[in-house]
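Fold and geometry: a report
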Amino acid sequence: MSETAFQKCTNPACGATFGIDEVLTGCTKCRSLLDISYDWNRLPVPRSLAFFEHRWMTKGMNASGALDFSGVWRFRELMPFFRSEADIVTIGEGRTLLQTADLLAKQIGMKQGNLALQYEGLNPSGSFKDNGMTAAFTHARMVGATKVACASTGNTSASLAMYASLTGFKGLVFIGSGKISIGKLSQALDYGGLTLQIQGDFDDCLRRIRQIAADPKNGIYLMNSVNPFRLEGQKSIMLRVLEARGWEAPDWIVVPGGNLGNCSAFGKAFMEMKELGLIKRIPRLAIINASGANTLNELVSCRGVKWNGGNFDQKTIGGLYAAMDESGYKPHTIASAIEISRPVNLPKALRALDVMNGVVREVTDEEILEARAKVARWGFGCEPASAATVAGLQKLMAEQIISPSESVVCILTGHELKDPNATVKYHTGIDMKAAQDLAPREVPHGTLSNPPIQVADDLDAILKAINA
Ligand SMILES: *Cc1c(COP(=O)(O)O)cnc(C)c1O
Ligand SMILES: [Zn+2]
């Protein structure tokens, strides 16, 4: 009997399928991204979303109590790729809050009751990344992996290192030079991640780690958002938004766009819920880029790139990337979590925009910092990338694309304390700056001191550092 869950190429012209136990970073036939797909007819799918009601009010922390407690796994029937509940790795992620933000709504001219903030900074490692990491670690455990790695602008590494410390896996974290906020870096070091600071930016780190993970000899399980299992867990963010709203979709979901995993997961969640008859109406999606890392906005809003049934305009995308290479373009924004110029999930994001009738906008660093301060003053705080949502909402209201009487949910992706430097600088003008070069200044004294390792952007040097 074939399995009820499998991996499937997202390119409709290919459609190749792969077993759920295969460790892949893309379709082996056409190199497109992979989805996790399900044979829903053979699975116990709830008849309505109300099935999940009050599961979170779990009474005990026995095995299934822990799953009901998790804001990801209490929706496990909608992400059934695991073979047994014993596979699941969980630390109570996803117990997050949808807060109606009337004071903030008033500041930006929204009608009272219509603006809500989804605080994903309340996750155990302080960002939405835990929603995905719990799922990817579950898959890693299913396939017997023990060495996991990611390239990161910060939050992915914090989350990976946390779950690695929980499971006893070896966690490798690749960060760019001076491109990580101190709050996030401190978590990777503290949870025992082997942290390699590569001389390059995020895109360079990702290229290297994909290269290393592609060679089975290295035995490394890749945790970046090309990993389709992460997106399965991130679908739960939309389920929690619906749950908090009595299973009614809002008019709009607004999310920051970096590597475009989160928006892609949202699109997949609604695509599946629609297919399963669990939801009637799909909200619209607004993905917000920073102006200093605006690839998606440039492609979609300026150059008209669309999903087009999977037959999207690769020539235009390739042209933009070639021009970026030629001019030596590097992304640059205060919102370091979205400082990415070659978003790996671009095709899936185009599909999400199609499914959710979405729009893309970009906002400047100044707009982001102002919006971040407003969220803190009239909400309770988020890191700069998260506030791109509120800045984007203001822009879409000014353009009369979103009206004050529509219901809007902004996803606040990370906690305010992730990047205290940005906050202090906003209020005092003092730039405490994340350390650019993290070579330890003196021999660290603690019995568990775990300083980052400096490495050139060179394959042999990196492998040597990993295997030392
Ligand atoms: C990772 C991250 C993002 C970007 O999410 P993508 O899925 O990469 O688009 C936005 N905000 C925060 C705080 C993040 O950590
Ligand atoms: Zn394919």
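Since the structure is predicted, the reported quantities are computational estimates derived from the model, not experimental observations.

1. What to know about the coordination of the zinc ion (ligand 2)
Protein coordination of the zinc ion (ligand 2) is provided by Cys9 (SG), Cys14 (SG), Cys27 (SG) and Cys30 (SG), with donor distances spanning 2.3 to 2.4 Å. Considering all four donor atoms around the zinc ion (ligand 2), the spread of angles at the metal, 97 to 117 degrees, places the coordination shape in the tetrahedral class. Judged by its relative accessible area of 29%, Cys30 falls in the partly exposed class.

2. A look at the site of ligand 1
Within the structure, ligand 1 sits among 16 residues, and Lys129, Asn155, Gly258, Asn259 and Thr413 are positioned closest to it. Taking Asn262, its main chain carries an N or O atom lying 2.8 Å from an oxygen atom of ligand 1. In the complex, the protein chains occlude 96% of the 380 Å² of accessible area that ligand 1 would expose alone. Comparing atom positions with the cavity grids shows ligand 1 to sit within the largest cavity.

3. Some thoughts on the sheet that holds strand 6 (residues 147-152)
Taken in spatial order, the five strands of this open sheet run 9-6-7-8-14, and their pairing is parallel. Where the open sheet ends on each side, the last strands, each with one partner, are strand 9 (221-222) and strand 14 (453-455). Along the sheet, helix 4 (residues 155-167) makes contact with strand 6 and strand 7 (170-175), crossing strand 6 at roughly 165 degrees. Along the sheet, helix 15 (residues 459-467) makes contact with strand 6, strand 7, strand 8 (194-198) and strand 14, crossing strand 8 at roughly 165 degrees.

4. Side note on the domain arrangement of the protein chain
Here the protein chain is described as being made up of domain 1 (97-121 + 231-411) and domain 2 (419-468). Here the C-alpha centre of domain 2 lies 30 Å away from the C-alpha centre of domain 1. Counting from both sides, the interface comprises six residues of domain 1 and, opposite them, five residues of domain 2. Each partner contributes to the roughly 480 Å² buried at the junction of domain 1 and domain 2, and carbon and sulfur atoms together form 57% of this total. At the junction of domain 1 and domain 2, the tally comes to zero salt bridges. At the surface where domain 1 touches domain 2, the tally comes to one residue pair in polar contact (both at pLDDT 80 or more). Element by element, the count of residues in the side of domain 1 that touches domain 2 is highest for helix 12 (residues 365-378), at four residues.

5. A closer look at helix 14 (residues 420-428)
Side chains of residues three or four places apart in an α-helix project in the same direction, reflecting 3.6 residues per turn. Among the residues of helix 14, Asn421, Ala422 and Thr423 are the ones counted as buried. At its buried positions, helix 14 is contacted by helix 5 (182-190), helix 12 and helix 13 (384-398). One or two steps after helix 14, the chain reaches Gly429, where phi turns positive at roughly 80 degrees.

6. A closer look at empty space enclosed by the protein
If you walk through the whole model with that rule in mind, you get two cavities of 30 Å³ or more. Roughly 290 Å³ of internal volume is contained in the largest cavity. For the largest cavity, the lining is made up of 29 residues, of which Phe128, Lys129, Gly258, Asn259 and Ala337 are closest to its centre. Broken down by secondary-structure element, the contributors of at least two residues to the lining of the largest cavity are strand 6, helix 4, helix 7 (228-244) and helix 8 (261-275).

7. Looking at the pattern of salt bridges
Inspection of the entire model under this criterion finds 27 salt bridges. A salt bridge links Glu243 to Arg74; the shortest N-O distance between them is 2.6 Å. With Glu243 in helix 7 and Arg74 in the loop between helix 1 (63-69) and strand 4 (97-100), this pair connects stretches of sequence that are 169 residues apart. For Arg74, a relative accessible area of 5% corresponds to the buried category. For Arg361, the salt bridge goes to Glu399, with nearest N and O atoms at 2.8 Å. Placement of the pair is Arg361 in strand 12 (residues 359-363) and Glu399 in the loop between helix 13 and strand 13 (408-412), with a sequence separation of 38 residues.

What counts as what
- Residues numbered from 1 in each chain as written.
- Chains lettered and ligands numbered in written order.
- Predicted model: local features only at pLDDT ≥ 70, side-chain atom pairs only at ≥ 80, totals over all residues.
- Heavy atoms only, no water.
- Donors = N, O, S within 2.8 Å, 3.2 Å for Na, K, Ca; no water.
- Tetrahedral: all angles 85-135°; square planar, octahedral: opposite > 155°, others 65-115°.
- Buried < 20%, exposed > 50% of the residue type's maximum accessible area, 1.4 Å probe, protein only.
- Near = heavy atom within 4 Å.
- Polar contact = N/O pair within 3.5 Å; in protein donor to acceptor, adjacent residues only side chain to side chain.
- Areas by Shrake-Rupley, 256 points an atom, 1.4 Å probe, with all protein chains shown as cover.
- 1 Å grid on protein atoms, 1.4 Å probe; cavity = no way out; pocket = protein on both sides within 12 Å on 5 of 7 lines; lining within 4 Å.
- Sits in = over half its atoms within 2 Å of the grid points.
- Pairing = 2+ DSSP bridges.
- Helix = DSSP H or I, 4+ residues; strand = E, 2+ residues; numbered from the N terminus.
- Contact = heavy atoms within 4.5 Å.
- Axes fitted to C-alpha atoms, helices over the stretch in contact; angles between N-to-C directions.
- Domains from an automatic or database assignment.
- Buried area = accessible area lost by both parts, 1.4 Å probe.
- Salt bridge = Lys/Arg side-chain N within 4 Å of Asp/Glu carboxyl O.
- Points joined across faces, edges and corners; volume = space filled by probe spheres on them.

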